[in-house]
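Below, each chain spelled out in residue letters.
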Amino acid sequence: RLPGAFEDEDAEQERDFTHTGGDEENEDWHFSTLLTGPDSEIKDVKFSPAHYGATLLATCSRDKSVWVWEEVEPEEWETIAVLSEHTGDVKCLAWCEAGRTSRRALKKRLEQRRKATSGVTGEEQSAMDVDATNGGATAGDDDDEEIIVGGRELLASGSYDDTIRLYHDDESEGDWICIAVLTGHDGTVWDLKFEPYIDLSSYTTSTTAEEIIADWTPRILSCSDDLSIRVWRKVLKEKERIERRSRIEAARQGQTGGHDSGTRQRQTGFVGQMPSVIRVGNSTEQWIEETRLPAVHMRSVYAIDWSSRTGLVVSCGGDGLIAVYREVPAANNGGPGIPGPEKDAPMSNDGTTQDGAQEEQEVLPKHKTEWKVVAAVEAAHDEYEINHVCWAPRRDARQRQLEGGKAVVDGGDEGGQEDEEEEEYVVSTGDDGDVRVWRMPEEVLRMVRDEVYE
């Protein structure tokens, strides 16, 4: 049985979301630029994240190609790559988003998790005291600045050929190249997303914020015609493991320098960019399937989204189901800070590949994790298929407080409105021609906000 369904925001009264008021909303839109090149219908289009070194636009098409454009002047675009690696129509695209946070916010989340964890050891209490001191009122202004963690200029595409391909701009080649092919799906890859949220569930409670900033890298989430939703992660090469250990050791010593320390801001690049290397033998990457989300869909999974605010994942498909998942420490963990026994299933979080080969150990000790369904609604668009689903931040916190007399998320006298502003809708579209807006269950929002895993 699936968890209780979340609420349809429009169930009692239809609301107009097409206009929010304000004179700035009346600004006229004008036609800007026509980009031509692909020989068939465009299936997806994506702008690169704002922290990239250039403004890039990627499109994919039924002609099996991926095109990349760069805005060289305002409203003037130049084709910089045509990638024809797929053997089938290309359905979806995703740019590597990276994790966006601040040191103060990360330290606050770590402290909340430690408070929610029973049996805190002396080592964990020491780490808590360090982070509390660094994140307190006397901390410098740098703690409040946004940092981009684990990011690099990387593009992913999914196709009717059942594969996912990764590309980047190789400076030594002077061109965009395919650096990895992810295989395993037994059907069309309908959608994919890079991880945009620094989830703490895999880290032990003794891990500090600086160690996480030095260690964290985004994973990839994909969904398919084979009814599965899969999580993929990159396998570090020996040189990369050595570099990461050095960054973590520098973090432990209180150093914040280095190219991947989290100090570079949006205007100067991003954290986690690997130096350019020659193409033969070195530019290729190995990605493996880490795990699969619970199999709840009975028909093709058409769309997924990974929340940058909570780390929750939402999915939809041809069966009319919308499901929300959360990553939590696995039940077989040996206790706080103690990795649990290895799982028997292949391609799991212990790093076991399909052929049974064991990968390198994690640079930092980590919990094994698992995914659980925390909310779901069946027949979300009645008998119709659901084509798309995404997260959207709420913008009406004050209005809801006035209408209902209190915030939906009870955060107390001090934090209620702040928590309300951070709440998200789930928005879905279906073959019925409707756009529906859904509200998450209150108990799920509380657990996410308080870093509680139950």
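Definitions and cut-offs
Residues numbered from 1 in each chain as written. Predicted model: local features only at pLDDT ≥ 70, side-chain atom pairs only at ≥ 80, totals over all residues. Heavy atoms only, no water. Helix = DSSP H or I, 4+ residues; strand = E, 2+ residues; numbered from the N terminus. Buried < 20%, exposed > 50% of the residue type's maximum accessible area, 1.4 Å probe, protein only. Contact = heavy atoms within 4.5 Å. Areas by Shrake-Rupley, 256 points an atom, 1.4 Å probe, with all protein chains shown as cover. Disulfide = S-S within 2.5 Å. pLDDT = per-residue confidence, 0-100. Phe/Tyr/Trp six-rings, centres within 6.5 Å; stacked < 30°, edge-to-face > 60°. Pairing = 2+ DSSP bridges. Axes fitted to C-alpha atoms, helices over the stretch in contact; angles between N-to-C directions. Core = buried A, V, L, I, M, F, W, Y, C linked by side-chain atoms within 4.5 Å. Salt bridge = Lys/Arg side-chain N within 4 Å of Asp/Glu carboxyl O.

Trainee: Explain the overall build of the protein to me, using residue names and the numbers behind them.
Mentor: Looking only at helices and strands, one finds eight helices and 22 strands in the protein. A burial count over the protein gives 52% of its 454 residues as buried. Relative to all contacts within the protein whose residues are 6 or more apart in sequence, the contacts with residues 24 or more apart total 72%. On the protein, roughly 21900 Å² of surface is accessible, and the fraction owed to carbon and sulfur atoms is 45%.

Trainee: Which residues make up the state of the cysteines, and what are the values?
Mentor: Taken as a whole and judged by the stated rule, the model has zero disulfides. Looking at the unpaired cysteine 92, the closest cysteine sulfur is the one in cysteine 60, lying at 6.7 Å. We classify cysteine 92 as buried; its relative accessible area is 2%.

Trainee: Could you give an account of the confidence of the model for the protein, naming the residues involved and the relevant values?
Mentor: Scored by pLDDT, the protein has a mean of 78; 70% of the residues are at 70 or more. Throughout residues 334–359 the model reports pLDDT below 50, and contacts reaching past four residues in sequence, or to other chains, amount to 58 contacts.

Trainee: Now, about unusual backbone geometry: what can you tell me, with residues and values included?
Mentor: Phi is positive for alanine 379, close to 50 degrees, though the residue is something other than glycine. With respect to the secondary-structure elements, alanine 379 resides in the loop between strand 19 (369–377) and strand 20 (386–393). By relative accessible area, which is 44% here, alanine 379 ends up partly exposed.

Trainee: Provide a residue-level description of the side chain of glutamate 211, including the pertinent values.
Mentor: The residue glutamate 211 is located in helix 3 (residues 209–215) in this model. On the basis of relative accessible area, glutamate 211 is assigned to the buried category, the value being 8%. In this view, glutamate 211 contacts Ser206, Ile248, Ala251, Arg252 and Leu364; residues no more than four positions away in its chain are not counted.

Trainee: Break down the packing of aromatic side chains for me, citing the residues and quoting the values.
Mentor: Summed over the entire model, instances satisfying the criterion amount to seven aromatic pairs. Their ring planes at 25 degrees and their centres at 5.5 Å tell us that tryptophan 67 and tryptophan 69 sit as a pair that is stacked. The same class applies to tryptophan 67 and to tryptophan 69, which are both buried. Plain terms: the ring middles of tyrosine 160 and tryptophan 190 are 5.6 Å apart, the flat faces sit at 70 degrees to each other, and that makes the pair edge-to-face. Of this pair, tyrosine 160 sits in the loop between strand 9 (155–159) and strand 10 (164–170) while tryptophan 190 sits in strand 12 (residues 189–194), and the two are 30 residues apart along the sequence. Through a chain of ring-to-ring contacts, three or more aromatic side chains come together here, namely Tyr52, Trp95 and Trp176.

Trainee: Give me the environment of alanine 81: which residues, what numbers.
Mentor: By the element assignment, alanine 81 lies in strand 5 (residues 76–83). Separated by eleven residues in the primary sequence, alanine 81 and glutamate 70 have C-alpha atoms spaced 9.4 Å apart. With residues up to four places along the chain from it excluded, the contact list for alanine 81 reads Val66, Trp67, Val68, Asp175 and Trp176.

Trainee: I'd love a proper account of the sheet that holds strand 17 (residues 313–317), names of residues and values included.
Mentor: The four strands lie next to each other as 16-17-18-19, forming an open sheet whose pairing is antiparallel. The strands lining the two open edges of the sheet, one partner per strand, are strand 16 (301–306) and strand 19. Neighbour-to-neighbour, the strand axes of this sheet turn through a mean angle of 25 degrees, independent of strand direction. Summarising the sheet, strand 17 and strand 18 (residues 322–329) pair through four bridges and their orientation is antiparallel. Residue pairing for strand 18: serine 315 is matched across the bridge by alanine 323.

Trainee: Can you lay out the nonpolar core for me, pointing to particular residues and giving the numbers?
Mentor: Residues Leu155, Leu166, Trp176, Phe194 and Trp287 are the most contacted members of the largest nonpolar core, which totals 32 residues. Where this core is concerned, the elements lending two or more residues are strand 3 (56–61), strand 4 (66–73), strand 5, strand 6 (90–95), strand 9, strand 10, strand 11 (175–182) and strand 12. In terms of residues, this core owes the most to one element, strand 11, which gives six residues. Those residues in contact with leucine 166 that sit more than four places away from it in its chain are Leu154, Leu155, Ala156, Ile177, Cys178, Ile179, Ala180, Leu182, Phe194, Ile220 and Trp287. Core analysis: the second largest hydrophobic core is formed by 19 residues, Cys316, Val324, Ala375 and Trp438 among them.

Trainee: Provide a residue-level description of the sheet that holds strand 14 (residues 229–235), including the pertinent values.
Mentor: Across the sheet, which stays open at both edges, the four strands sit in the order 12-13-14-15 with antiparallel pairing between neighbours. The two strands at the open ends of the sheet, each matched to only one other strand, are strand 12 and strand 15 (286–292). Averaged over all pairs of adjacent strands, the angle between their axes in this sheet comes to 30 degrees, without regard to strand direction. Where strand 12 meets strand 13 (residues 220–224), five bridges bridge the pair, whose relative direction is antiparallel. Bridging across to strand 13, aspartate 191 finds its partner in cysteine 223.

Trainee: Give a detailed account of the pattern of salt bridges, specifying residues and quantitative values.
Mentor: Tallied over the full model, the rule gives 28 salt bridges. Its salt-bridge partner being arginine 62, residue aspartate 89 comes within 3.0 Å of it at the nearest N-O pair. Placement of aspartate 89 in the loop between strand 5 and strand 6 and of arginine 62 in the loop between strand 3 and strand 4 is noted, with a sequence separation of 27 residues between them. Among the residues examined, aspartate 89 registers a relative accessible area of 16% and is labelled buried. One salt-bridge network, in which partners are shared between bridges, spans Glu195, Arg219, Arg233, Glu290 and Glu327.

Trainee: Hey, could you go over the pairing of strand 4 for me, with residue numbers and the actual values?
Mentor: Here strand 3 pairs with strand 4 via five bridges, running antiparallel. Bridge pairing links leucine 56 to glutamate 70 in strand 4. Hairpin connection of strand 3 to strand 4: four residues between the antiparallel strands, including lysine 64 at a positive phi of 75 degrees. Pairing analysis gives seven bridges linking strand 4 to strand 5, with the strands arranged antiparallel. By the bridge assignment, glutamate 70 is partnered in strand 5 with glutamate 78. The loop that links strand 4 with its antiparallel partner strand 5 comprises two residues; one of these, glutamate 75, has a positive phi angle of about 65 degrees.

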